[in-house]
Amino acid sequence: MPVARRLFSELGPTAYKIAVWRRRRQRSLANLVAFRQLAHHKSTDPLPALIYAHKSLIRRRLGNVDMELQENKAVNLALAAPHVHALLIRPGETFSFWHLVGSCTAAKGYREGLTISRQGPSRGIGGGMCQFTNLLHWMTLHSQLTVTEHHHHDGVDLFPDFNRQVPFGVGTSIFYNYLDYRVTNNTDNTHQLLVWVTDQHLCGELRAMKPQPVKVHIVEEDRHFVKQGDDYYRRNALYRNVVDMTTGNLLEHKLLKRSNAKVMYDPDLIAAELIRQ
């Protein structure tokens, strides 16, 4: 059988750095060209209509992850939040996480926090930004905004369900600056992101100039685990239900994602009633 051709970035550490630099350069140039379409105006006055609000616990015990990384994540989130807080996303504009937050470096005060790769949990300067985009994505899914760039940690289930607030499968994966999280406002309604950090939570509100005419629900179906050989896999299906606020009619029942993720933690932590033979 023919040998799979290796990517340039897989040829070694130097090749990897060159590949990352090239992709970052390409994205930076693309941002310059599209600058007028990228949201950057702010207003400290909250817009009148609340579309959705959510908060997520900053310090969670995740498997064997060092809690110091969670403390550092709190610092990182507090540094990043002001770059997004009070942002207006006007009709026709696109929100870009990295365009606003910029690179998370030690020189800016960012600390070593939890990062995630295909191999599992790791650590790196600025770690914890995925929790930020997770919050933004969860709020956006409940709105009429359009997600135009979203990456996910596909294929692996890294942590057991412990104080899980949102269903598995709606997480985000970002990496400065070419793995971005982006949302475009294709409506005629100006939206606004409010994001702040308390001692315990990362908090967010998605607001708008006028109420949206629909109510959105994210529904998890067929949640279970299966064993294949010596491994376990988490499976579920996520749907987005859109309901007309006036009539109560279901306007959309859309499949967002089906998960089949390999469990990377002790399977004894899986609830027995969720395991299917």
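The structure we're discussing is the one just above.
Below: a short report on this structure. (Residues numbered from 1 in each chain as written. Predicted model: local features only at pLDDT ≥ 70, side-chain atom pairs only at ≥ 80, totals over all residues. Heavy atoms only, no water.)

Quick word on helix H4 (residues 129–141)
Because each turn of an α-helix spans 3.6 residues, side chains separated by three or four positions end up pointing in the same direction.
So, step 1. The terminal C-alpha atoms of H4, which comprises 13 residues, lie 19 Å apart, in line with the 18 Å expected from a rise of 1.5 Å per residue.
So, step 2. A large share of H4 lies buried, amounting to 12 of its 13 residues.
So, step 3. Among the residues of H4, Met-129, Cys-130, Gln-131, Phe-132, Thr-133, Leu-135, Leu-136, His-137, Trp-138, Met-139, Thr-140 and Leu-141 are the ones counted as buried. (Helix = DSSP H or I, 4+ residues; strand = E, 2+ residues; numbered from the N terminus. Expected span 1.5 Å × (residues − 1). Buried < 20%, exposed > 50% of the residue type's maximum accessible area, 1.4 Å probe, protein only.)

Things to note about the sheet that holds strand S2 (residues 87–89)
So, step 1. Strand order in this open sheet of 4 strands is S1-S10-S9-S2, and the pairing throughout is antiparallel. Every other strand in the sheet has two partners, leaving strand S1 (49–57) and S2 as the edge strands with one partner each. Across the sheet, the mean angle from the axis of one strand to that of its neighbour is 20°, orientation sign disregarded.
So, step 2. Of the strand pairs in this sheet, S1 and strand S10 (residues 201–208) are connected by 8 bridges, and their pairing is antiparallel. Following the sheet pairing, His-54 is matched in S10 by Gly-204. (Pairing = 2+ DSSP bridges. Axes fitted to C-alpha atoms, helices over the stretch in contact; angles between N-to-C directions.)

Digging into helix H2 (residues 67–84)
So, step 1. Between its terminal C-alpha atoms H2 stretches 26 Å, which fits the 26 Å expected from 18 residues at 1.5 Å a residue.
So, step 2. Those residues of H2 not exposed but buried are Leu-69, Gln-70, Asn-72, Lys-73, Ala-74, Asn-76, Leu-77, Ala-80, Ala-81 and Val-84.
So, step 3. Where H2 ends, the next residue or the one after it, Ala-86, has phi of about 75°, a positive value.

Observations concerning the state of the cysteines
So, step 1. Here the structure, examined in full by the defined rule, presents 0 disulfides.
So, step 2. Its sulfur unpaired, Cys-130 is 11 Å from the next cysteine sulfur, which belongs to Cys-104.
So, step 3. Here Cys-203 stays free of any disulfide, with the sulfur of Cys-130 as its closest cysteine sulfur at 19 Å.
So, step 4. When its relative accessible area of 9% is taken as the criterion, Cys-203 is described as buried. (Disulfide = S-S within 2.5 Å.)

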